[in-house]
Amino acid sequence: MQAETSRQTVSVVCPVFNERENLPDLYEQLRTALDATALPWEILFVDDGSTDGSGEAIQRLHEVDSRVRGILLSRNFGHEAAATAGIELAVGDAVILMDADLQDPPALVPALVEKWREGYDIVCAQRTARHQESAFKRASAYLFYRAMTLLVGWNLPADTGNFRLMNRAAVEAFRSCPERNRFVRALVAWTGFRQTTVPFERPPRQAGKSKYRTWQMFALALTSVTSFSVAPLRIATAIGLLVVPFATLTVLGILVGRLFGAPVPVNVVVVASIWFFGGLQCLLVGIVGEYIGRIYIEAQHRPIYIVRKQFGETDSGIAHRGTK
Ligand code: UDP
Ligand code: MG
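Here the residue index of a chain counts from 1 through its sequence in written order. Numbering of ligands from 1 and lettering of chains from A proceed in the order in which they are written. Restriction of local features to residues with pLDDT of at least 70 applies here, the model being predicted, together with a cutoff of 80 or more for giving and counting side-chain atom pairs; totals for whole chains, interfaces and linings are based on all residues. The side-chain figures draw on all heavy atoms in the structure; neither hydrogens nor water molecules are used.

1. Observations concerning the packing of aromatic side chains
- Any two rings among Phe, Tyr and Trp, with Trp reduced to its six-membered ring, count as a pair given centres within 6.5 Å; such a pair is stacked if its planes are under 30 degrees apart, edge-to-face if over 60, and tilted if neither. A full pass over the atoms with the stated rule returns 3 aromatic pairs.
- An aromatic cluster is present here, built from Phe-144, Tyr-145 and Phe-183 joined pairwise through their rings.
- The ring of Phe-77 has Arg-75 lying over it, and the distance from NZ or CZ to the ring centre is 3.9 Å.
- The ring of Tyr-120 has Arg-194 sitting right over it, with the charged end atom 4.6 Å from the ring centre. The rule is short: NZ of Lys or CZ of Arg within 6 Å of the ring centre and within 35 degrees of the ring normal puts a charge over the ring.

See below:
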């Protein structure tokens, strides 16, 4: 037992939402890649409320290979929540998070593990090429990573998705973050451990279609900014600070002008300022509302995910850590 616990173990976590057609290939490729590391391993497929039979496919894989664990959530909680479930339930010394659509190539796993064994705490797979992704998706991703780094002041490695390895210390730090509105990759970077990247070319998804729509990407970017930065609040304050003295001077100017009989077209001034301040107030209230909304959600303290069923929680191939 002593010798067994001193061996390092690897967990791979894949959130799965209607990926039945991808699962057999994904398992085969992962098994080959993980065997190449010569370390004991487990794979956790987190079924995020799939309706295409992915849950049954996971169960079949578990029956064939007990190192495959299935975590079936009670409904669709979203990619970030499913990833969180997997990271929290994984028992490996290193936990690798990756998509289930083979856009994150399993063949890269040994390279991630290699860097971890060199002593890095977090190893991110960095995309060098994005095949078949629209110019809009590439441009928005480019802008997002740069803007995030600028706004939050610490480095969110550019062009990395969720495909990354975390060591146990980084996983425990991640687990200690209780918030509901979460953006996994930013939260992992925020923990502040020693990070490095391994480059790879991102292939197109193997089967099925992307579950993310443009507005969801936008919502995720908004979550990311508002959960790590109060800069938007400061922008609002700055606008207010600029506009208020300007408005006061304008009103004073009009009053003084009228006092000395200058012809100021009042109706123009009034209409312009109503529009201007109306718009400004909408903007400020919108930003404040964004934060209040998040406070509300956090205050509810609901669980991030609910597990309906698990396969292999006790008989996974790797020795459970911390057993006394
Ligand atoms: N996913 C999930 N829950 C969701 C949406 C997606 O678990 O509500 C999973 C999906 O099965 C895949 C990963 O998250 O393994 C990434 O999703 P997708 O490929 O649709 O995103 P994209 O690559 O287009 O950004
Ligand atoms: Mg994908």
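2. Remarks on the coordination of the magnesium ion (ligand 2)
- The magnesium ion (ligand 2) binds to the protein through Asp-101 (OD) and Gln-103 (OE1), with metal-donor distances spanning 1.9 to 2.0 Å.
- The rule is simple: take the accessible area with a 1.4 Å probe, protein chains only, and divide by the maximum for that residue type; under 20% is buried, over 50% is exposed, in between is partly exposed. In this structure Gln-103 comes out as buried when scored by relative accessible area, which is 10%. A 2.8 Å cut-off from the metal defines N, O and S donors, relaxed to 3.2 Å for Na, K and Ca; water is not in the atom list, so some sites may appear incomplete.

3. A short note on helix H4 (residues 79-89)
- In DSSP terms, a helix is any run of H or I states spanning at least four residues, a strand is any run of E spanning at least two, and both are numbered starting from the N terminus. With 9 of its 11 residues buried, H4 lies for the most part within the structure.
- Looking at H4, one finds that the buried residues are His-79, Glu-80, Ala-81, Ala-82, Ala-83, Thr-84, Ala-85, Gly-86 and Ile-87.

4. What about the nonpolar core?
- Put simply, a nonpolar core is a bunch of buried Ala, Val, Leu, Ile, Met, Phe, Trp, Tyr and Cys residues held in one set by side-chain atoms that sit within 4.5 Å of each other. If you look at the biggest cluster of nonpolar residues, it comprises 38 residues, and the most contacted ones within it are Val-13, Val-46, Leu-73, Ile-87, Met-148, Leu-156 and Val-184.
- Each residue touching Leu-73, except ones within four places of it in the same chain, is listed here: Val-46, Asp-47, Asp-48, Gly-49, Ala-82, Ala-85, Tyr-305, Ile-306, Val-307 and Arg-308.
- Counting 36 residues, the second-largest nonpolar core is a separate cluster that includes Ala-33, Met-98, Ala-100 and Leu-165. Contact between two residues is taken to exist if any of their heavy atoms lie within 4.5 Å; hydrogens are not considered.

5. A look at the state of the cysteines
- The term disulfide is used for any two cysteine sulfur atoms that are within 2.5 Å. One pass over the full model with this rule turns up 0 disulfides.
- No disulfide involves Cys-14; its sulfur sits 17 Å from that of Cys-124, the nearest cysteine.
- You can see Cys-124 has no disulfide; the closest cysteine sulfur is in Cys-177, sitting 16 Å from it.
- Its relative accessible area of 0% is what places Cys-124 among the buried residues.

6. Describing the pattern of salt bridges
- Throughout this description, the term salt bridge denotes a Lys or Arg side-chain nitrogen within 4 Å of a carboxyl oxygen of Asp or Glu. Summed over all chains, the structure comprises 13 salt bridges.
- The residue Asp-65 makes a salt bridge to Arg-67 at a minimum N-O spacing of 3.1 Å.
- Judged by relative accessible area, Arg-67 falls into the partly exposed class, the value being 26%.
- Connected through salt bridges with shared partners, the residues Glu-19, Asp-101 and Arg-205 form a single ionic network.

7. Comments concerning helix H10 (residues 231-259)
- What a helix is expected to span follows from its residue count: subtract one and scale by 1.5 Å. For H10, with 29 residues, the first-to-last C-alpha span of 42 Å sits near the 42 Å given by 1.5 Å per residue.
- Every buried residue of H10 is accounted for by Ala-231, Pro-232, Ala-236, Gly-240, Val-243, Ala-247, Ile-254 and Gly-257.
- Looking at the residues trailing H10, positive phi occurs at Gly-261, about 80 degrees.

8. Some points on the site of ligand 1
- Residues in contact with ligand 1 amount to 18 residues; listed here are only the nearest, Glu-19, Asp-48, Arg-205, Ser-210 and Lys-211.
- A 3.5 Å cut-off defines polar contacts: any pair of N or O atoms within that distance qualifies, except that in protein one atom must be a possible hydrogen donor and the other a possible acceptor, and neighbouring residues in sequence count only when both atoms are side-chain atoms. The separation between a nitrogen atom of ligand 1 and a polar main-chain atom of His-79 is 3.4 Å.
- Contacts to ligand 1 include Asp-101, whose side-chain N or O atom sits 2.7 Å from an oxygen atom.
- Taken by itself ligand 1 offers 520 Å² of open surface, and the protein chains cover 92% of this.
- Looking at side-chain class alone, the shell around ligand 1 contains 5 nonpolar, 5 polar and 8 charged residues. Neighbouring residues are identified by heavy atoms, a residue being near a molecule or strand if any of them is within 4 Å of it. Residue-level accessible areas treat just the shown protein chains as cover; the underlying method is Shrake-Rupley with a 1.4 Å probe. Each residue gets one of three labels, nonpolar for Ala, Val, Leu, Ile, Met, Phe, Trp, Tyr, Cys and Pro, charged for Asp, Glu, Lys and Arg, and polar for the others, Gly among them.

9. Quick notes on the packing of helix H6 (residues 135-152) against helix H9 (residues 214-228)
- Remark: H6 packs on H9, axes separated minimally by 10 Å, with the N-to-C direction vectors making an angle of 5 degrees. By the angle between their directions, the pair H6 and H9 is classed as roughly parallel. Where H6 abuts H9, its residues Phe-136, Lys-137, Phe-144, Met-148, Leu-151 and Val-152 lie against Thr-214, Met-217, Ala-221, Ser-224, Val-225 and Phe-228.
- A per-class count over the contact of H6 with H9 returns 9 nonpolar, 2 polar and 1 charged. Each axis is a line fitted through C-alpha atoms, and for a helix only the stretch in contact is used; angles between axes span 0 to 180 degrees, taken between their N-to-C directions. Roughly parallel means an angle under 35 degrees; roughly antiparallel means over 145; roughly perpendicular covers 65 to 115; every other angle is labelled oblique.

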